[in-house]
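# Residue-level structural notes
One-letter residues, chain by chain:
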Amino acid sequence: CFFNGVLSDQDVFDLYNTTGLDTIAPTGFLAINGGVLYTSTTAVSLALSATDNGGVTGYYLSTNPTTPSATAAGWVAVASTTNYSASVSYTLSSVDGSKTVYVWYKDVAGNISSTASDTITLDTTDPLISITSPTSSATYTTTSGTINLGGSASDGTSGVKSVSWSNSTGGSGGASGTTSWTISGISLSNGNNVIT
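Just so we're clear, the structure is a prediction, and the values are computed from it rather than from any experiment.

A tally of helices and strands in the protein chain yields one helix and 11 strands. Secondary structure of the protein chain in N-to-C order comes out as α-β-β-β-β-β-β-β-β-β-β-β. Evaluated residue by residue, the protein chain yields a buried proportion of 29% over its 196 residues. When contacts within the protein chain are restricted to residue pairs at least 6 apart in sequence, those whose partners lie at least 24 apart make up 64%. Put simply, the protein chain shows about 11,800 Å² of open surface, and 51% of that area lies on carbon and sulfur atoms.

Structure, rendered in structure tokens:
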């Protein structure tokens, strides 16, 4: 048998199919909830995908970045396929903050892929908001047909995206600003108006 030291793609294919030798690990991917930055619930969806010429046969999920052995407990077996993809449910730990999930894939020969991972921030805590103008009291009396409001809002994990308001007697809208916000010209009806 003559070997010139260079293997073509066909040579590699023939070598694998005649000897069963497979030293190439799968390549894989992971996305949490489609790659968004934040989630308000611990229940998320993981998009998994991997490719391998010999066939992907399993995946391993963890919050620990240490690569598992091919025989470690925790591998999820899948039907051998050269192109694997699935959406699986996953539950994050319940403490608010950044969460990273790691995945590895293995093939029929026991080769383990490099680590694929994604990070998402869990934020289950509602923002805080306060009205400070024209008063911080729960009630206010005016003879005007309109009122201007102002205040502040905060959120320690994901930040404040927007501030909106509604009046029990009708009307709603958005405020200008977020952590410091104002609302101008809210129409009032005679009697009690509960502005939220």
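Looking along a regular strand, one sees side chains alternate from face to face of the sheet. Of all the 11 residues making up strand β5 (residues 97–107), nine are buried; the element is thus mostly covered by neighbouring parts of the structure. Direction of pairing for strand β3 (residues 43–62) relative to β5: antiparallel, over a ladder of six bridges. Note on β5: the bridge partner recorded for G58 is K106. Inspection of the sheet shows β5 paired to strand β6 (residues 116–122) by seven bridges, in the antiparallel sense. When the bridges of β6 are listed, Y102 appears paired with S117.

Right, let's talk about the sheet that holds strand β7 (residues 128–133) for a bit. Think of a sheet as strands paired side by side through backbone hydrogen bonds, with each pair either parallel or antiparallel. Strands sit in the order β7-β8-β11 across an open sheet of three strands; the sheet is antiparallel. Of all strands in the sheet, those bounded by a partner on one side alone are β7 and β11 (180–187). The average angle at which neighbouring strand axes cross in this sheet is 30°, direction not considered. Across six bridges, strand β8 (residues 146–154) lies against β11 in antiparallel orientation. Bridge pairing links T146 to S187 in β11.

Attention now goes to the nonpolar core. The biggest cluster of nonpolar side chains holds 18 residues, and the ones touching the most others in it are L46, L48, Y59 and Y105. Among the secondary structure elements, those contributing two or more residues to this core are β1 (27–32), β3, β4 (76–91), β5 and β6. In terms of residue count, the dominant contributor to this core is β3 (six residues). Setting aside chain neighbours within four positions, we find L48 in contact with F29, L30, Y59, L61, Y84, S85, A86, V88, V103 and Y105. By size, the runner-up hydrophobic cluster in this structure holds 10 residues, among which are I147, A175, W181 and I183.

Our focus in this paragraph is the layout of surface pockets. Here the largest pocket is characterised by a volume of approximately 580 Å³. Taken together, 23 residues make up the lining of the largest pocket; nearest its centre are T139, Y140, I147, N193 and I195. Classifying every residue of the lining of the largest pocket by side-chain character gives nine nonpolar, 14 polar and no charged.

Right, let's talk about the environment of T146 for a bit. Among the secondary structure elements, T146 is positioned in strand β8. Setting aside residues no more than four positions away along its own chain, T146 makes contact with G185, I186, S187 and L188.

For the coordinates displayed, the defined rule picks out five aromatic pairs. Judged by centre distance (6.4 Å) and plane angle (25°), the ring pair of Y102 and W104 falls under stacked. Accessibility classification places Y102 together with W104 in one group, the buried group.

This part takes up the confidence of the model for the protein chain. Averaged over all residues, the pLDDT of the protein chain equals 91, while 90% of them reach at least 70. Every residue in residues 1–5 is under pLDDT 50, and counting partners more than four places away or in other chains gives zero contacts. Residue range residues 7–19 is modelled with pLDDT below 50. Its contacts to residues more than four positions away, or to other chains, number eight contacts.

Attention shifts here to the side chain of D22. In this structure, D22 sits in the loop between α1 (9–19) and β1. Among buried Asp, Glu, Lys and Arg side chains, D22 stands out as unpaired, with K106 the closest opposite charge at 13 Å. A distance of 3.1 Å separates a polar atom in the side chain of D22 from the backbone nitrogen of I24.

The rules behind each value
- Residues numbered from 1 in each chain as written.
- Predicted model: local features only at pLDDT ≥ 70, side-chain atom pairs only at ≥ 80, totals over all residues.
- Heavy atoms only, no water.
- Helix = DSSP H or I, 4+ residues; strand = E, 2+ residues; numbered from the N terminus.
- Buried < 20%, exposed > 50% of the residue type's maximum accessible area, 1.4 Å probe, protein only.
- Contact = heavy atoms within 4.5 Å.
- Areas by Shrake-Rupley, 256 points an atom, 1.4 Å probe, with all protein chains shown as cover.
- Pairing = 2+ DSSP bridges.
- Axes fitted to C-alpha atoms, helices over the stretch in contact; angles between N-to-C directions.
- Core = buried A, V, L, I, M, F, W, Y, C linked by side-chain atoms within 4.5 Å.
- 1 Å grid on protein atoms, 1.4 Å probe; cavity = no way out; pocket = protein on both sides within 12 Å on 5 of 7 lines; lining within 4 Å.
- Points joined across faces, edges and corners; volume = space filled by probe spheres on them.
- Nonpolar A, V, L, I, M, F, W, Y, C, P; charged D, E, K, R; others polar.
- Phe/Tyr/Trp six-rings, centres within 6.5 Å; stacked < 30°, edge-to-face > 60°.
- pLDDT = per-residue confidence, 0-100.
- Lys, Arg positive; Asp, Glu negative; His and termini not counted.
- Salt bridge = Lys/Arg side-chain N within 4 Å of Asp/Glu carboxyl O.
- Polar contact = N/O pair within 3.5 Å; in protein donor to acceptor, adjacent residues only side chain to side chain.

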